[in-house]
Structure formats: structure tokens, C-alpha cells
Amino acid sequence: MSFRLILASASLLTLAACGAPEPAPAPPPEAAAPRPLLTAAQIEAGLPRPDLRPATPPTEGAPTPAYAPDPGMVRLQILLDRSRFSPGVIDGLGGENTRQAIAAWRKANDLGEDGGADAALLQALAAADAGPVMAQYTLTAADIAGPFSPPPGDDLAETARAGTNFTSALERLAERFHVTEALLQGLNPGVDFRRAGQTLVVPAVDDTPLTGVARIVIDKTERSARAFDEAGTLLAFYPATIGSSERPAPSGTVTVVGVANEPDYTYDPERVSYDRGDERIVVPAGPNNPVGTVWIDLSRDTYGIHGSPDPSKIGKTASNGCVRLTNWDAEQLAAGVRPGVVVRFI
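The following paragraphs examine the structure supplied in this document. The structure presented is a predicted model; accordingly, all values stated were derived computationally and were not measured.

## Some words on the overall build of the protein chain
- When you go through the protein chain residue by residue, the secondary structure sums to 9 helices and 15 strands.
- Across the 346 residues that make up the protein chain, the buried fraction comes to 53%.
- Looking at the protein chain alone, contacts between residues at least 24 apart form 68% of all its contacts between residues at least 6 apart.

This is the structure:
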């Protein structure tokens, strides 16, 4: 993907290394689950289960297991998220992104990388951040006002016509609080996310921008991005989707050229060779834009670090060469970089 920084309300991006978004599943109903999956009190007191892996998917023909987030896992993921060692989307299920965030936090805080989510980790995280992990939030008229767009799909032209706004107030709020829609619904039984004035239980996340980034390391094997300051201190860890075998991410060292917030996204058939048709398409800015809400341009032409319309897939799928983060992680990282920051791919 190439980048052209334009002094206007949005920047124009040309699709090359980064492909179109993956098909998004249909959004769940706006009304919440009939009963709470978890309560705030359970989460505040919870300890994560020893096994961080999500439940094994059922075999073909077997009934689908009920969604069962772990209160201790929710607490752990929120504390990691607030410490800037991101587990990706907070889902209460754990998994590889959470395991990697734990290992990175343990190493950075001299706890060793192999201890997992043990008592020492929880005590250290709680000592570093003693604030409550849950909060209350009142739905506002702005939250429910829209405009909303249909879920993005494979057809770029249709996505461009339909728009790239959130699909619902529920999706907007889930992204604001770094959580899955299913968990947000489960925490708020009986809430109609289309009606203002209701009080929600939400993760107490921290969106303070990152500062002082001097170096970024992109680990293609681990599928992670790490940000360091001038002294070599690890400032942040993020799970990432990084290229594919067909369209790998670059190797070696590049630098940050600039940042575009709320970028447009342009597919230009004269610049790309894979099968997306022969029509030049400009997809408007929005959180469900193929590159999400922010683009960090790199000195290797057509490559960048950017957001994503589907936070649940970060670190679990492939990209067309670029580095995808959740929108909130990409925004946090983008706030801390400047032109010339070194980005090393390993």
C-alpha cells in the first residue's frame, strides 16, 4: 500500500500490499443476552484459570458450546491492556495473543517468560495498577445516533458505496472499551443498545496515547509489534497480523515516514496485480475501512502499520503484506511515533 500525505481532512491511500478486509460476520442483535455471563464483582475478584487456551471447537455435528468467558481472564486482559501489553480484543477466553502479552510483560518486569498467569503475575499487575478494572458508562445520544453502515465484505465497490462506519451502537461501544460485542452484551443483560440513558458495565480501559517511541520491532514469527524508547525500554506490546506466505511483510529495517488519521483507502488496478477487478475504487474513511482508523506510513513503498475493521482476527489470520493491529492499539502506537522512527522486521 502506498501513502500520500495530503493536507486535508483525510489522506488518500493506494491499495497494494494490504488487501481488502476479510468478510465480517453478521452483527449480533442489539438487545443484550437474557442473563449476565459475568458480573463486575466476579471480574474484580477473579483469578484466571491456569489454561489460557479457548475451549476446543466442537467436532462436526456436535452442539456448539456456550460462550463462557472467565472472570479472572477478563480482569487479567484489562490489566494487560492498561499496561500497554495488549491482549488484542478483551474476550475473557484467553488464547495466543493473551499468552504472548503475558510473556512480554513478565520479561519486561523481571518475572521470567515461562510462569504464565500465576499469582506473582496478578500481584505484580495489581500493584502496578490498583484501580478498579470495571466501570460504569451511560449510553449517550451520540452513541446511538449513527450513521451506521452494513458490515464490510469482499466487494470493495459495494463497501465504498455503503460506507465504513460502525454497524451499530453495540459495535461502536465494544470498540471503545476494547471488548467483544458478546462480552459487552453478557455484562449488560436486558440493555437495549439503541436507547440512550441506560447505564452499562464496561472494562475500565485507558486510552492515554503512547509517547517517546524511538524504535519498533515487528516479529513476523511471533506476530507481534513492540515499541521501545531511546533507552531501549519496552513501552508497549501489541499482537499483530503480519503478511502471508503469498504476500510477505518486508524484511530488514525501514523508518516511519508519517501518520494519517482517518485515512481513505484506494484500490488502483494500475498499481496492483492481484484479482480485485479493473476499476479504481476509493473507500471512504471510517472504523471499518480496510486499514481502520489510522495508517503509519513506512519508507518501504506500499507498506504500513494500520488498524483493522475486525479486531477479533488480529494475530489469527494473514494480511497482504502490511502490519494490522486493532484500531485502538494502532491509534495508541501512532500517537507515539514521528518521522524517522526505526522499524525493524525480524
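## Re the nonpolar core
- If you look at the biggest cluster of nonpolar residues, it comprises 38 residues, and the most contacted ones within it are Leu-76, Leu-80, Leu-121, Leu-173, Leu-184 and Leu-200.
- The biggest single contributor to this core is helix α2 (residues 71–82), with 6 residues.
- Setting aside anything within four residues of it in sequence, one finds Leu-200 in contact with Ala-135, Gln-136, Tyr-137, Leu-139, Leu-173, Asn-188, Val-191 and Phe-193.
- In this structure, Ile-242, Ala-249, Val-323 and Ala-334 belong to the second largest nonpolar core, which totals 26 residues.

## Describing unusual backbone geometry
- Each neighbour pair has its own omega, and for Gly-146 with Pro-147 the value is 5 degrees, a cis peptide bond.
- Tracing the backbone shows Pro-147 in the loop between α5 (141–144) and α6 (156–162).
- One non-glycine residue, Arg-84, lies in positive phi territory at about 70 degrees.
- The class of Arg-84 is partly exposed, set by a relative accessible area of 22%.
- Positive phi outside glycine occurs at Asp-110, with the angle close to 60 degrees.
- Assignment of secondary structure puts Asp-110 in the loop between α3 (96–108) and α4 (119–128).
- Using a relative accessible area of 71% as the deciding quantity, one classes Asp-110 as exposed.

## Concerning the packing of α3 against α4
- Contact geometry for α3 and α4: axes closest at 11 Å, N-to-C directions at 70 degrees. Judged on the interaxial angle alone, α4 and α3 are roughly perpendicular. Across the interface between the two elements, Ile-102, Trp-105 and Arg-106 of α3 pack against Leu-121, Ala-124 and Leu-125 of α4.
- The residue inventory of the contact of α3 with α4, partitioned by class, reads 5 nonpolar, no polar and 1 charged.

## Brief notes about the pattern of salt bridges
- This model, assessed by the stated rule, comprises 9 salt bridges.
- For Glu-158, the salt bridge goes to Arg-161, with nearest N and O atoms at 3.0 Å. Taken together, the residues Glu-158 and Arg-161, both in helix α6 and 3 residues apart, mark about one turn of the helix.
- Overall, Glu-158 belongs to the partly exposed group, its relative accessible area being 38%.
- The salt bridge partner of Lys-313 is Asp-310, with a shortest N-O separation of 3.8 Å.

Cut-off values and rules
Residues numbered from 1 in each chain as written. Predicted model: local features only at pLDDT ≥ 70, side-chain atom pairs only at ≥ 80, totals over all residues. Heavy atoms only, no water. Helix = DSSP H or I, 4+ residues; strand = E, 2+ residues; numbered from the N terminus. Buried < 20%, exposed > 50% of the residue type's maximum accessible area, 1.4 Å probe, protein only. Contact = heavy atoms within 4.5 Å. Core = buried A, V, L, I, M, F, W, Y, C linked by side-chain atoms within 4.5 Å. Axes fitted to C-alpha atoms, helices over the stretch in contact; angles between N-to-C directions. Parallel < 35°, antiparallel > 145°, perpendicular 65-115°, else oblique. Nonpolar A, V, L, I, M, F, W, Y, C, P; charged D, E, K, R; others polar. Salt bridge = Lys/Arg side-chain N within 4 Å of Asp/Glu carboxyl O.

None of this, on its own, says anything about what the molecule does.
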